[in-house]
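Survey of secondary and tertiary structure
The primary structure of each chain is shown beneath.
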Amino acid sequence: MALRGPEELGEQVEEPEDLDDQDASSISPAEEITLPPGPGGDEELGETLLLPWDRFSAWLHCICVVGFDLELGQAVEVIYPHHSKLSEKEKTSICYLSFPDSNSGCLGDTQFCFRFRQGSNRKSSLGCFLETTDRDAPPCLKREQGHYYGYVYFRQVRDKSLKRGYFQKSLVLISKLPYVTFFHSLLKIMAPEYFEKQEPCLEAACNDMDRWPTPHPGRILTLPIMGVVIKVRIPTSYDKPGTLQLVQSTQSDSLVSIVLPTIHEVDLFRCFYPVFFHIQMLWELVLLGEALVVMAPSPAESSDTVLALVSCVSPLRYCSDFRPYFTIHDSEFKEYTTRTQAPPSVILGVTNPFFAKTLQHWPHIIRIGDMKQAGEMAKQMKVKKLKNLKTLDSKPGVYTAYKPYLNKDEEIIKQLQKGVQQKRPSAAQNAILRRYFLELTQSFIIPLERYVASLMPLQKSISPWKSPPQLRPFVQQDFMKTLEKAGPQLTSRLKGDWIGLYRHFLKSPNFDGWFRNRKREMTQKLDALHLEVLCEEDLQKRIQKHTEVETVDLVLKLKEKLSQAEREQLPVRPGTLAKIKAHIEAVIQALPEDLQGILHKPSSP
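Here the structure is a predicted model, which means the values were calculated and not measured. Starting from 1, residues in each chain are numbered consecutively following that chain's sequence as written. Only residues with pLDDT of at least 70 are given local features in this predicted model, and only at 80 or more are side-chain atom pairs given and counted; all residues enter the totals for whole chains, interfaces and linings. Where side-chain values are given, they derive from all heavy atoms of the structure, hydrogens and water being excluded.

Focus on the overall build of the protein
Filter applied, for reference: Numbering of helices and strands runs from the N terminus, with a helix taken as a DSSP run of H or I at least four residues long and a strand as a DSSP run of E at least two residues long. To sort residues, take the accessible area from a 1.4 Å probe on protein chains only and compare it with the maximum for the residue type: under 20% means buried, over 50% means exposed, and anything in between is partly exposed. Any two residues having at least one pair of non-hydrogen atoms within 4.5 Å are treated as being in contact.
Of regular secondary structure, the protein possesses 21 helices and 13 strands. Expressed as a percentage of its 605 residues, the buried residues of the protein come to 54%. Nonlocal contacts in the protein, meaning residues at least 24 apart in sequence, comprise 74% of its contacts between residues at least 6 apart.

Thoughts on the environment of Leu458
Checked against the element boundaries, Leu458 lands in the loop between α14 (426-453) and α15 (476-486). With a relative accessible area of 38%, Leu458 lands in the partly exposed category. A C-alpha to C-alpha distance of 9.1 Å links Leu458 and Pro469, two positions 11 residues apart in sequence.

What about the sheet that holds strand β8 (residues 258-259)?
Picture the strands of a sheet paired through backbone hydrogen bonds; they go either parallel or antiparallel. We count it as follows: Two strands pair if DSSP finds at least two bridges between them. To obtain each axis, a line is fitted to C-alpha atoms, and for helices this fit is confined to the stretch in contact; angles are then taken between N-to-C directions over 0 to 180 degrees.
Read from one edge to the other, the open sheet built from 3 strands follows the order β6-β7-β8, with strand pairing classed as mixed. In this open sheet, the two strands that pair with only one neighbour each are β6 (220-225) and β8. In this sheet, β8 lies alongside strand β7 (residues 228-233) in parallel orientation, the contact comprising 2 bridges. Its bridge partner being in β8, Ile230 is matched across the sheet by Ile258. Together, β6, β7 and β8 form the strand contacts of helix α6 (residues 180-197), whose direction differs from that of β7 by roughly 180°.

So, the packing of α14 against helix α17 (residues 509-535)
What counts, and what does not: Definitions for this section: a left-handed crossing has its near helix turned counterclockwise from the far helix by less than a right angle. A right-handed crossing has that turn clockwise. Throughout, the ten residues Ala, Val, Leu, Ile, Met, Phe, Trp, Tyr, Cys and Pro are labelled nonpolar, Asp, Glu, Lys and Arg are labelled charged, and all others, Gly among them, are labelled polar.
One way to put it is that α14 packs onto α17 with a least axis distance of 12 Å and a crossing angle of 40°. Of the two possible hands of crossing, α14 and α17 adopt the one that is right-handed. For the pair formed by α14 and α17, the contact residues are Ile445, Leu448, Glu449, Val452 and Ala453 on the first element and Phe511, Trp514, Phe515, Arg518 and Met522 on the second. In terms of residue class, the contact of α14 with α17 is made up of 8 nonpolar, no polar and 2 charged.

A closer look at the packing of aromatic side chains
Operational definition: Two aromatic rings, drawn from Phe, Tyr or Trp (for Trp, its six-membered ring), form a pair once their centres lie within 6.5 Å of each other, and the interplanar angle then sorts them: stacked below 30 degrees, edge-to-face above 60, tilted otherwise. Only lysine NZ and arginine CZ atoms are considered, and such an atom sits over a ring when it is within 6 Å of the ring centre and within 35 degrees of the ring normal.
Considering all chains together, one arrives at 43 aromatic pairs under this definition. An angle of 65° between the planes, with centres 5.3 Å apart, marks the rings of Phe474 and Phe511 as edge-to-face. Of this pair, Phe474 sits in the loop between α14 and α15 while Phe511 sits in helix α17, placing them 37 residues apart in sequence. Measuring from centroid to centroid gives 5.9 Å for Phe505 and Phe511, while their planes differ by 75°, and the two rings are edge-to-face. With respect to burial, Phe505 and Phe511 carry one shared label: buried. Over the aromatic face of Phe322 sits the side chain of Arg115, whose NZ or CZ is 4.1 Å from the ring centroid. Note that Lys176 overlies the ring of Tyr148, its terminal NZ or CZ placed 4.7 Å from the centroid.

Digging into unusual backbone geometry
At the junction of Tyr80 and Pro81, the peptide bond is cis and its omega measures out at -5° in the coordinates. Structurally, Pro81 is set in the loop between β2 (73-80) and α4 (88-97). Look at the link from Ser314 to Pro315: it is a cis peptide, with omega at 10°. In this structure, Gln569 is a non-glycine residue whose phi angle is positive, near 50°.

Focus: the side chain of Ser185
Note the following rule: Polar contact is the term for a pair of N or O atoms within 3.5 Å; when the atoms are in protein, one must be able to donate a hydrogen and the other to accept it, and sequence-neighboring residues count only if both atoms are side-chain atoms.
Tracing the backbone through its elements, the reader meets Ser185 in helix α6. At 2.8 Å, the side chain of Ser185 and the backbone oxygen of Thr181 are in polar contact.

Looking at the packing of α6 against helix α7 (residues 199-209)
Worth spelling out the cut-off: To sort the angles, those under 35 degrees are grouped as roughly parallel, those over 145 as roughly antiparallel, those from 65 to 115 as roughly perpendicular, and the leftovers as oblique.
Between α6 and α7, whose axes approach to 7 Å, the crossing angle comes to 150°. It follows that α6 is roughly antiparallel to α7 by the angle criterion. For the pair α6 and α7, contact is made by Leu186, Met190, Glu193, Tyr194 and Lys197 and by Glu199, Pro200, Cys201, Leu202, Ala205 and Met209, respectively.

Digging into the pattern of salt bridges
Defined as follows: Salt bridges are defined as contacts in which a side-chain nitrogen from Lys or Arg sits within 4 Å of a carboxyl oxygen from Asp or Glu.
Following the criterion strictly, the structure yields 25 salt bridges and no others. Arg115 serves as the salt-bridge partner of Glu144, at 3.1 Å between the closest nitrogen and oxygen. Of this pair, Glu144 sits in the loop between α5 (127-135) and β4 (147-158) while Arg115 sits in strand β3 (residues 108-117), and the two are 29 residues apart along the sequence. A relative accessible area of 8% means that Glu144 is categorised as buried. A relative accessible area of 4% places Arg115 in the buried class. Measuring nitrogen to oxygen at the nearest pair gives 2.6 Å for the salt bridge that ties Arg115 to Asp321. Of the two residues, Arg115 is situated in strand β3 and Asp321 in strand β10 (residues 321-323); the sequence distance between them amounts to 206 residues. Of the two residues, Arg115 and Asp321, both sit in the buried class. The structure contains a network of salt bridges with shared partners spanning Arg115, Arg117, Glu144, Asp321, Arg323, Asp330, Glu332 and Glu335.

Considerations on the sheet that holds strand β1 (residues 62-69)
Ordered in space as β2-β1-β5-β4-β3, the 5 strands form an open sheet in which the pairing is antiparallel. Only two strands of the sheet have a single partner each, and these edge strands are β2 and β3. Within this sheet the neighbouring strands show an average axis-to-axis angle of 25°, counted without direction. In terms of strand pairing, β1 meets strand β5 (residues 166-175) through 6 bridges, oriented antiparallel. Its bridge partner being in β5, Val66 is matched across the sheet by Ser170.

Some remarks on helix α13 (residues 410-421)
Given 3.6 residues per helical turn, the α-helix brings residues three or four places apart onto the same face. For the record, the criterion: For a helix, the expected span equals 1.5 Å multiplied by the residue count minus one.
Under the 1.5 Å per step criterion, the end-to-end length of α13 is 16 Å for 12 residues, consistent within 8% with the ideal 16 Å. Here α13 starts with a cap whose side-chain oxygen sits 3.0 Å from the backbone nitrogen of Glu411, and that cap is Asp409. Note on α13: the residue one or two positions beyond its end, Lys423, has a positive phi of about 55°.

Examining helix α10 (residues 299-311)
Along its 13 residues, α10 runs 18 Å from first to last C-alpha, staying within 8% of the 18 Å computed at 1.5 Å per residue. Most of α10 sits out of view: 11 of its 13 residues are buried. Restricting attention to buried positions, one finds in α10 the residues Pro299, Glu301, Ser302, Ser303, Asp304, Thr305, Val306, Leu307, Ala308, Leu309 and Val310.

Here we look at the nonpolar core
What tends to happen in soluble globular proteins is that the nonpolar side chains get buried as a cluster. For the record, the criterion: Nonpolar cores were defined as sets of buried Ala, Val, Leu, Ile, Met, Phe, Trp, Tyr and Cys residues, with membership established by side-chain atoms within 4.5 Å. What counts as a domain boundary in this text is fixed by an automatic or database domain assignment.
Counting 112 residues, the largest nonpolar core has Trp59, Phe182, Met190 and Leu448 as its most contacted members. Counting only domains with at least three residues in this core, you end up with domain 1 (54-260) and domain 2 (267-517). Beyond its immediate stretch of four places on either side in the chain, Phe182 contacts Trp59, Trp212, Leu223, Ile230, Val232, Leu260 and Ile263. Val552, Leu570, Val587 and Leu591 belong to the second-largest nonpolar core, a separate cluster that totals 22 residues.

Observations regarding the pairing of β6
The side chains of a regular strand alternate between both faces of the sheet. Where burial is concerned, the two faces of β6 differ: the one with Leu221, Leu223 and Ile225 is buried and the one with Ile220, Thr222 and Pro224 is not. Counted between consecutive antiparallel strands, the loop separating β6 from β7 contains 2 residues, among which Met226 sits at a positive phi close to 50°.

Right under this line is the structure:
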């Protein structure tokens, strides 16, 4: 989320004119650009070398069918591809999370999503390849490291031929990718066909997916599936925040059946409609990583609301845990509901009435009713006291003792109310609300970006023959002093206790995650600049003053720098790595033949 403009960096580091240089989570407006190929320009070649099931694995871990057995209860009936690995704990999680609670009364077809901990640390054969594709993704669309998403299509219909009287089954896509809109659209195509034709149809769908291109940010992808063709574009970290790069239909698109405008965004206005008088307070609670529980009548409404909460601080990545749908059978149930310690930094979505009692001690509870768009405007709601929440049947609202740091923004409420009265399309209401959250988050983050950019050492302090200089430490008091002249008041009309909000934020998991990421990016930037300075040196002249031992040491250090640059994909100017390789070769050639042979041997991993 770096702001790299000269006004922020002053006279410090001069930025190379290279796309990779732009920060991986920029919140400054940027022109839409076409991404360069990966290191060495061999990305297309890399795709041609993929093995069977590699392309499928770039999108999904596996597909599960979960059914109901009278003796066993919920059980995984099919895992496809058959070689996919899931631990017993993961299978149990998938079983319980793939069915709505019995009280939800979901007849017909229901779609929702859940998120659960990965049971074991599996190494993917696609590791390096996926890191390359992940590099250009916005923070909110990067692959999950320790969790899986489950995207569910659940069907419950009356069937007198079955003992239970109902057919109940879920088709579940398990993935590391948070592409909620895309996978729900995919399930709408796959699930009805599967329920009719069973496993052969599932095999055909998986074979289709294994011919897809990998989900590389910035590309427009055409994805055939079961006779339908989906066209999507994966966003990049270089896109201008708040804009959708619309996928245009062309004359050659006669076979394209579905064009998706977004792969991941939920309808914020629909999700927040039951509690939209409190959207600003909810933004603060999510920003600060507060423990939040959403109590909803169904998994669809629960999961959509949790995903809306997480996305309202975009482009900042929400760094705490969140569970779009959580049940009493979850392996973390005891951990998250214990009263012996304060609730953890997590957002839970629940539907079981039992949680109204179990989570009564939680500080912030959002109760939502049916999300079907009401004809009349929701009445002005006050924040309710927690003691008033006794059952899941309590009225919709926000139950908390929290006092927001910022004054309420009446303008956005009036704008949305006017939209409802004038029957403004839901998509327009959603766009207004998304823009509001984006501008609020940007106003909050820009002063932090500006201060962190000032921690970068001056470029003239980078010497080719010394280690790259270190970033200066983040000092809270120094940052607070910058707010008087360069605080959020420059970009936001909102008044209130911004200082208090920053103080609270600096103790939160979201700040920790954001700062770690920025520190890593800036350290890589310093390493890249160090390499570029080395490139400009006349190494041949320098080694004339060195002994053979010192020259060999120099070669080994240069090789290590080169290896690091390729491994971490450092944001260097085009041609830098080729120059370093040429320097290394020239220095080796100046050594005796026996040493040349040793130094030309590839280093062991």
